[in-house]
Amino acid sequence: MDGPFYAAAIVGSIAPFVRSLAWGVPMWMFTWGMALRATLGAGLVTLMAGLIPLVVVDHWTAGAIGLGVGGLLMLLSARRLRHLRGVMLLSWRLGSIATRDDAAKRLVKRLASARKLGAIQYAPVALIAAGPLSAVERWDDVLTALDGLTTSPLPKALAERVAQARATAQLAVGDLEGAAESLESVDRPAEEGIERWLRATEALLHAVQGGADQALAIANEASDADAALGASYEIVRAHALASKGDDEGAKACLRKVEDVAGATGLQRAVKPVGPATDIARAMLKAVLQAETAETAAAAEA
């Protein structure tokens, strides 16, 4: 009986490390639960593959059979959707400040490896990474992830999402011309959920380029926007009103942004540079100073 158990122990012990190599994610980024599931899953499969042949062979031969079958299945499991799973795990690690920089570098490297899948298979993987990267404002990394992805070979729904993600990142880094080109690269109207964000991006482009009336017209149509989209339109209104000389109106809009999204929302109002940028920058500085003072007071208490 020893053979199958030894085989299970061997395959189970190396399973997390094989998964780490296949996914392109270092072991220290795995949680204990993830490593344990890999070990137990591979070990149990190997054990069963070794116990079944015991009715016809000796235990060492059965162990060898279990080792071969379990090891092969473990390798196949680690390679299945390896690019997608690696990207998802690295994207999750972006949420921690301690691991963010390292995770972002590894994520870009993982995406470069995933490009060999082809545009249609690569695009969903890149979009999965683009969301978390956008959330932590790694805009250059977002553009790197989407670089070279043209919308022409992609299905319409996928092309729309790529265009929206790219335009958002281009706006954030101040590439207004590139953002406009990205918006023009897909047929409109897009799917309803994407179209709402594309319209918000268009409105922001108008607002920072002096088209205050066009921006306000689009923003005023979006009365049913959800919280995140509503904050985006308040930024649009802030830029539009500031361009008309209504600084108090712009401040009121930015206060709404602060209420919904805090300092992060105000940071989104700073870039791309527009009429309300200086106002947003001053408000952001005040918010950060207040947060620092609160933290210091809490530490002293």
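Above this text you will find the structure in question.
Described below are features of the structure shown in this document. Keep in mind the model is a prediction, meaning the values are calculated, not measured. (Residues numbered from 1 in each chain as written. Predicted model: local features only at pLDDT ≥ 70, side-chain atom pairs only at ≥ 80, totals over all residues. Heavy atoms only, no water.)

Time to look at the pattern of salt bridges. Per the stated rule, a full pass over the model turns up 13 salt bridges. Of the charged contacts, one joins Asp-213 and Lys-244 as a salt bridge, the two residues approaching to 2.8 Å between their closest N and O atoms. On the criterion of sequence distance, the pair formed by Asp-213 in helix α11 (residues 212-221) and Lys-244 in the loop between α12 (227-243) and α13 (247-270) is long-range, its members being 31 residues apart. For Asp-213, a relative accessible area of 54% puts it in the exposed group. Note that Glu-248 is salt-bridged to Lys-251, the shortest N-O span being 3.7 Å. (Salt bridge = Lys/Arg side-chain N within 4 Å of Asp/Glu carboxyl O. Helix = DSSP H or I, 4+ residues; strand = E, 2+ residues; numbered from the N terminus. Buried < 20%, exposed > 50% of the residue type's maximum accessible area, 1.4 Å probe, protein only.)

It is the contact of helix α1 (residues 2-23) with helix α4 (residues 82-93), at a shortest axis distance of 8 Å, that shows an interaxial angle of 95°. Looking at the two axes, α1 sits roughly perpendicular to α4. Within the contact between the two elements, α1 uses Arg-19, Ala-22 and Trp-23 and α4 uses Arg-82, Arg-85, Gly-86 and Leu-89. Considered class by class, the residues forming the contact of α1 with α4 number three nonpolar, one polar and three charged. (Axes fitted to C-alpha atoms, helices over the stretch in contact; angles between N-to-C directions. Parallel < 35°, antiparallel > 145°, perpendicular 65-115°, else oblique. Contact = heavy atoms within 4.5 Å. Nonpolar A, V, L, I, M, F, W, Y, C, P; charged D, E, K, R; others polar.)

Our focus in this paragraph is the environment of Met-283. Looking at where Met-283 falls in the secondary structure, it is placed in helix α14 (residues 277-300). Apart from the residues lying within four places of it in its own chain, the contact partners of Met-283 are Lys-251, Leu-254, Arg-255, Glu-258 and Leu-266.

All right, on to a negative patch on the surface then. A cluster of acidic residues, Asp-175, Glu-177, Glu-181 and Glu-184, forms a negative patch on the protein surface. Mapped onto the elements, Glu-184 comes out in helix α9 (residues 176-184). Overall, the relative accessible area of 65% leaves Glu-184 in the exposed class. (Patch = residues over 30% accessible without salt bridge, like charges linked within 9 Å, V, L, I, M, F, W, Y side chains within 5 Å. Areas by Shrake-Rupley, 256 points an atom, 1.4 Å probe, with all protein chains shown as cover. Lys, Arg positive; Asp, Glu negative; His and termini not counted. Charge placed at Lys NZ, Arg CZ, Asp CG, Glu CD.)

Moving on: the nonpolar core. Formed by 44 residues in total, the largest nonpolar core has its most connected members in Leu-107 and Leu-111. Among the secondary structure elements, those contributing two or more residues to this core are α1, α2 (32-51), α3 (59-79), α4, α5 (97-114), α6 (119-135), α7 (139-146) and α8 (156-172). Ranked by residue count, the leading element in this core is α6, at eight residues. Sequence-distant contacts of Leu-107, that is, excluding residues within four places in its chain, are made with Val-87, Leu-90, Ser-91, Leu-94, Ala-129 and Leu-133. Counting residues in each nonpolar core, the second largest holds 42 residues, with Ile-194, Ile-218, Ala-219 and Val-287 among its members. (Core = buried A, V, L, I, M, F, W, Y, C linked by side-chain atoms within 4.5 Å.)

Looking now at unusual backbone geometry. That bond from Arg-188 to Pro-189 is cis: its omega, 0°, falls within 30 degrees of zero. Position of Pro-189 among the secondary structure elements: in the loop between α9 and α10 (192-208). Following Lys-271, the chain continues to Pro-272 via a peptide bond in cis, the omega torsion being 5°. Structurally, the position occupied by Pro-272 is in the loop between α13 and α14.

Here we come to a nonpolar patch on the surface. Taken together, the side chains of Val-45, Ile-65, Val-69, Leu-72, Leu-73 and Leu-76 present a nonpolar region at the surface, about 480 Å² in accessible area. Here the nonpolar patch gets five residues from one element, more than from any other, and that element is α3. Relative to the assigned elements, Ile-65 resides in helix α3.

At a closest axis distance of 8 Å, the pairing of α12 and α13 adopts a crossing angle of 140°. Classified by the interaxial angle, the pair formed by α12 and α13 is oblique. In this structure, the crossing between α12 and α13 has a hand that is left-handed. Residues Ala-227, Ala-231, Glu-234, Ile-235, Arg-237, Ala-238, His-239, Leu-241 and Ala-242 of α12 pack against Asp-247, Gly-249, Ala-250, Cys-253, Leu-254, Lys-256, Val-257, Val-260, Gly-265, Arg-268 and Ala-269 of α13. Of the residues contributing to the contact of α12 with α13, the split by class is 12 nonpolar, three polar and five charged. (Left-handed = near helix turned anticlockwise from the far one by under 90°.)

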